[in-house]
Structures are given as structure tokens and as C-alpha cells.
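Examining the three-dimensional arrangement
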Amino acid sequence: IMLSKHKPVDVRFIEWMPFNDNGWNANRFFSYQDMLKRIEDGGLELVRESDSANDTTKWYRVPGHMGRVGFITSMSEHFCGTCNRL
């Protein structure tokens, strides 16, 4: 996230998804809400931004940072109903 402080880059985190052979274990799942809490507990304020239509990412900005922080909530808050990617 600190990479986005002085550079206009987007940093995205994706929830671990169950695929064949990736060692999926529901007991080790770290959700979008867990990520938000960890970041905010670390002292960074995250301000929610508007998402584009059909966006798979929930966008946030840290005040004073040039870039954005995004979360792809593939498991905890499905977006498949609006996704237009092939």
C-alpha cells in the first residue's frame, strides 16, 4: 500500500480462491473484511471510492496517497453477477 503513496499505482488484494492443487483450506481463509481491519489497525485510513460498472474490485484510497488500494472479494462478496470479463 505504501507503494501508492508517491506513485499513481493501483495495489489490489484478492481473496484466496479454491482451485485444484492450490492447497485451499477454509480454515486459512483471510477475507476482505479481515484485510481492511489489518490495514486500519496498522494506522492507515481507507476511504471508499466509487466502483465502475461491472468492476470486480472494491476501490479505496488512503488520504494523501497518489494511487488506490483495491480488494477483489471473490469469496466473501461475490461479484460474478455483474462481471463482464470473458
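Residues numbered from 1 in each chain as written. Predicted model: local features only at pLDDT ≥ 70, side-chain atom pairs only at ≥ 80, totals over all residues. Heavy atoms only, no water.

Before going further, it helps to spend a moment on the pattern of salt bridges. Tallying each qualifying case throughout the model produces four salt bridges. Arg48 is paired through a salt bridge with Asp51; the nearest N and O atoms lie 2.8 Å apart. Of the charged contacts in the structure, one is a salt bridge between Arg61 and Glu49, with a shortest N-O distance of 2.7 Å. A residue pair is termed long-range when its members are at least 10 positions apart, and Arg61 in strand S3 (residues 58–61) and Glu49 in the loop between strand S2 (47–48) and S3 qualify at twelve residues. A relative accessible area of 26% places Arg61 in the partly exposed class. Accessibility expressed as a relative area gives 24% for Glu49, which makes it partly exposed. (Salt bridge = Lys/Arg side-chain N within 4 Å of Asp/Glu carboxyl O. Helix = DSSP H or I, 4+ residues; strand = E, 2+ residues; numbered from the N terminus. Buried < 20%, exposed > 50% of the residue type's maximum accessible area, 1.4 Å probe, protein only.)

Now for the nonpolar core. Among soluble globular proteins, nonpolar side chains are generally buried collectively. Formed by Tyr32, Met35, Leu36, Ile39, Leu46, Tyr60, Val62, Val69 and Phe71, the largest nonpolar core amounts to nine residues. The element that contributes the greatest number of residues to this core is helix H2 (residues 32–41), accounting for four residues. Each residue touching Leu36, except ones within four places of it in the same chain, is listed here: Leu46, Tyr60 and Phe71. (Core = buried A, V, L, I, M, F, W, Y, C linked by side-chain atoms within 4.5 Å. Contact = heavy atoms within 4.5 Å.)

Everything listed here is a matter of geometry and, on its own, says nothing about what the molecule does.
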